[in-house]
Amino acid sequence: MLDLIEFLALGSFLGLAAGTSPGPLLAVTISETLQHGKWEGIKVAISPLITDLPIILSILYILSHVTNYNSIIGVIAFFGASYLIYSGVESLKIKKDSVELNVEKKDALKKGIIVNFGNPHPYLFWISIGGPIIFKSMNTHISATILFILGFYGFLVGSKVGITLIVEKSKSFINSKYYFSIIRILGIAQIVFGLTFIKVGLESLKFI
């Protein structure tokens, strides 16, 4: 039972960090909200539910067909650690007025799909972090995998929808001290998770 809760908590944290971190999809979400209202912003926010399935299936297929899996996972873990630490540091460096909102009008959902397919972050995440976690959760129980995915996408989409609703109510939220405090806290947490992935990498390569 504890393992299941851990996978749910891990997915929820990673989803929240991904959903609130400044990036192209968040910029489009905010821009559509400011220009055309909350429903256009919500359309962009849900676009990962459409784009990520083929990305996940492709990456899981590739990972499941590699030989010497532990060594591969060890290398991937180091890559994931680098990605998390870099992402965390970038979050700590974010300053006010750093989220650009220069986006064209119309077709919010289509815009979100195009932006997310062209965004390297989902590919990097599922190769270096999400994929290995899914395989590990499968070794625990299929329900652990389901809880991880539900937690991840629940908070990924939910946080963007939440920001959409807040932005419509308070146009100044995106440059408020509260938003940037949340970003920095999540940045520190991502760095901590990155350090734990280094440990996973060392264990998989049998260095420790």
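The structure this text deals with has already been given above.
These remarks concern the structure in this document. Everything quoted here is computed from the prediction, not taken from an experiment.

1. Considering the overall build of the chain
(1) Moving on: What the chain contains, in helices and strands, is 9 helices and 0 strands.
(2) Moving on: Along the chain direction, N to C, the helices and strands of the chain fall in the order α-α-α-α-α-α-α-α-α.
(3) Moving on: Taking all 208 residues of the chain together, the buried fraction comes to 45%.

2. What to know about the side chain of Glu40
(1) Moving on: As for its placement among the helices and strands, Glu40 is situated in helix H3 (residues 38–45).
(2) Moving on: If sequence neighbours within four positions are ignored, Glu40 has contacts with Glu32 and Ala108.

3. Let's talk about the environment of Tyr83
(1) Moving on: With respect to the secondary-structure elements, Tyr83 resides in helix H5 (residues 69–93).
(2) Moving on: In this structure Tyr83 comes out as buried when scored by relative accessible area, which is 17%.
(3) Moving on: Once the C-alpha coordinates of Tyr83 and Gly194 are considered, the two residues, 111 residues apart in sequence, prove to be 7.6 Å apart.
(4) Moving on: When residues no more than four places from it in sequence are discounted, the contact partners of Tyr83 are His121, Leu124, Phe125, Ser128 and Ile129.

4. What to know about the pattern of salt bridges
Close approach of charged atoms lets side chains of opposite charge pair.
(1) Moving on: All told, the structure shown has 3 salt bridges when counted by the stated rule.
(2) Moving on: Residues Lys111 and Glu32 are paired through a salt bridge, measuring 2.8 Å at the closest nitrogen-oxygen approach. Here Lys111 is found in helix H6 (residues 108–118), whereas its partner Glu32 is found in helix H2 (residues 24–36), with 79 residues between them in sequence. The pair formed by Lys111 and Glu32 is uniform in burial state, with each residue classed as buried.
(3) Moving on: Where Lys43 meets Glu40, a salt bridge forms, and the shortest distance between an N and an O atom there is 3.1 Å. Placement of both Lys43 and Glu40 in helix H3 is noted, with a separation of 3 residues, approximately one turn of the helix.
(4) Moving on: Judged by relative accessible area, which is 36%, Lys43 ranks as partly exposed.

5. Details of the nonpolar core
A general feature of soluble globular proteins is that nonpolar side chains tend to end up buried together.
(1) Moving on: If you look at the biggest cluster of nonpolar residues, it comprises 29 residues, and the most contacted ones within it are Leu14, Trp126, Ile129, Ile133 and Phe148.
(2) Moving on: For this core, the secondary structure elements donating two or more residues are helix H1 (2–20), helix H4 (48–64), H5, helix H7 (120–140), helix H8 (142–169) and helix H9 (177–204).
(3) Moving on: Setting aside residues no more than four positions away along its own chain, Ile129 makes contact with Leu14, Gly80, Tyr83, Leu84, Leu124 and Phe197.
(4) Moving on: Of all hydrophobic cores here, the second largest spans 7 residues; its members include Leu26, Ile163, Val167 and Tyr179.

Parameters and conventions
Residues numbered from 1 in each chain as written. Predicted model: local features only at pLDDT ≥ 70, side-chain atom pairs only at ≥ 80, totals over all residues. Heavy atoms only, no water. Helix = DSSP H or I, 4+ residues; strand = E, 2+ residues; numbered from the N terminus. Buried < 20%, exposed > 50% of the residue type's maximum accessible area, 1.4 Å probe, protein only. Contact = heavy atoms within 4.5 Å. Salt bridge = Lys/Arg side-chain N within 4 Å of Asp/Glu carboxyl O. Core = buried A, V, L, I, M, F, W, Y, C linked by side-chain atoms within 4.5 Å.

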